[in-house]
Amino acid sequence: MGALIVFEGGDGCGKTTQVQLLAERLKKNHQILLMREPGGTDVSEAIREILLNPKLSVKPEAELLLFAASRAQLVRERIIPALKMGLFVICDRFVESTTVYQGIARHMGLQAVEAVNKIALGDLVPTVTFLLNVPCQTSRQRIFLRNGADFGLDRMEREDFSFDGSIQNGYLELAKQHPDRMVVVDGTPDPKVVSDTIWEHLKARGLV
Ligand code: TYD
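Residues numbered from 1 in each chain as written. Predicted model: local features only at pLDDT ≥ 70, side-chain atom pairs only at ≥ 80, totals over all residues. Heavy atoms only, no water.

Enquirer: Can you walk me through helix α2 (residues 42-52) in this structure?
Expert: An α-helical turn contains 3.6 residues, so a residue and the one three or four places further along point in the same direction. Of all the residues in α2, the buried ones are S44, I47, R48, L51 and L52. Buried residues of α2 fall within an arc of 120° about the axis and therefore sit on the same side. Opposite its buried face, α2 presents the exposed residues D42 and E49, each directed more than 90 degrees away. In this structure, the buried residues of α2 make contact with β2 (32-36) and α3 (60-84). (Buried < 20%, exposed > 50% of the residue type's maximum accessible area, 1.4 Å probe, protein only. Helix = DSSP H or I, 4+ residues; strand = E, 2+ residues; numbered from the N terminus. Arc of directions from axis to C-beta. Contact = heavy atoms within 4.5 Å.)

What follows is the structure, given as structure tokens:
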């Protein structure tokens, strides 16, 4: 069985850069599968179009089920087969995103989210989840530097909760509840330094 390594954090926390840096390092000695959520299969990419389209108004209940539907497909079509083949699967966002964005920020309730997550995941549990922690002020600056004052923000990034601290606090609370599999990493230093910290954690766990 391979390992499922997940990266989580608020918008602009630097996840995508860290996913790329880890993938490059792992690729030298291991087979990897790189995934980003929502997405990763034809069905999941079609659902992603709906979820991130700023022209659509998606009700919170529909949003929760769509994120879960996208994941249910990804897990069965790509992730489980890859893990069975012994691959390292790196996922840019996974189940904790739903807990924090839909459960906490959208007030859908943790029980409802847990039930839906359970259907999407079955028995699958991430091996380790890195939470990249950056102050909201920093994420806001990074997003605006990347996208311009408003131009290009997707449907989720336009939400008030995206940069008001509720996402960051929700993640930190979740990490406290799952110290065994969630690792909080300071996402403010230079990306190379953050990447080294992550690598050391994986070494300490005997994964690399
Ligand atoms: P994406 O463009 O992939 O952004 P990022 O680089 O921040 O990961 O957009 C994904 C958006 O969807 C992001 O704002 C977080 C949100 N999201 C949820 O609300 N729930 C979920 O379960 C997932 C996977 C993502």
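Enquirer: Any chance you could explain the site of the ligand here in plain terms?
Expert: Neighbouring the ligand are 15 residues; D11, K15, R93, T98 and Q102 lie closest to it. The separation between a nitrogen atom of the ligand and a polar side-chain atom of Q102 is 2.8 Å. Judged by its atoms lying within 2 Å of the grid points, the ligand is housed in the largest pocket. If you tally residues by element for the shell around the ligand, the top one is helix α4 (residues 95-105), at four residues. Looking at the shell around the ligand residue by residue, the classes come out as four nonpolar, four polar and seven charged. (Near = heavy atom within 4 Å. Polar contact = N/O pair within 3.5 Å; in protein donor to acceptor, adjacent residues only side chain to side chain. 1 Å grid on protein atoms, 1.4 Å probe; cavity = no way out; pocket = protein on both sides within 12 Å on 5 of 7 lines; lining within 4 Å. Sits in = over half its atoms within 2 Å of the grid points. Nonpolar A, V, L, I, M, F, W, Y, C, P; charged D, E, K, R; others polar.)

Enquirer: Mind showing me how you'd approach the layout of surface pockets here?
Expert: Where empty space is left in the structure can be found by rolling a water-sized probe over the atoms. Approximately 630 Å³ is the volume attributed to the largest pocket. If you go around the largest pocket, you meet 32 residues; those closest to its centre are D11, K15, T16, D92 and R93. Of all the elements in the fold, those that place two or more residues in the lining of the largest pocket are α1 (15-27), α2, α3, α4, α6 (136-147) and α8 (191-204). Of the residues belonging to the lining of the largest pocket, the class tally is ten nonpolar, ten polar and twelve charged. Surrounding the second largest pocket, 18 residues form its lining, V95, T99, E114, N117 and R181 being those nearest its centre. If you list the elements that add at least two residues to the lining of the second largest pocket, you get α4, α5 (110-121) and α7 (166-177). If you tally residues by element for the lining of the second largest pocket, the top one is α5, at six residues. (Points joined across faces, edges and corners; volume = space filled by probe spheres on them.)

Enquirer: Hey, could you run me through the pairing of strand β1 (residues 3-8) in this one?
Expert: A regular strand places its side chains so that they alternate between the two faces of the sheet. β1 sits mainly inside the fold: six of its six residues count as buried. One ladder, built from five bridges, connects β1 with strand β3 (residues 88-92); its direction is parallel. Bridge pairing in β3 links I5 to I90. Note that β1 and strand β4 (residues 128-133) share four bridges and pair parallel. Looking at the pairing, V6 lines up with T129 of β4. (Pairing = 2+ DSSP bridges.)

Enquirer: Where do I start with the packing of α3 against α5 in this structure?
Expert: When two helices pack together, their arrangement is given by the angle between their axes and by how far apart the axes lie. Where α3 contacts α5, the axes come no closer than 8 Å and their chain directions differ by 25°. Taken together, α3 and α5 sit at an angle that is classed as roughly parallel. The crossing of α3 and α5 is right-handed. Across the interface between the two elements, L64, L65, A68, R71, A72, V75 and R76 of α3 pack against V113, V116, N117, I119, A120 and L121 of α5. Per-class residue counts for the contact of α3 with α5 are ten nonpolar, one polar and two charged. (Axes fitted to C-alpha atoms, helices over the stretch in contact; angles between N-to-C directions. Parallel < 35°, antiparallel > 145°, perpendicular 65-115°, else oblique. Left-handed = near helix turned anticlockwise from the far one by under 90°.)

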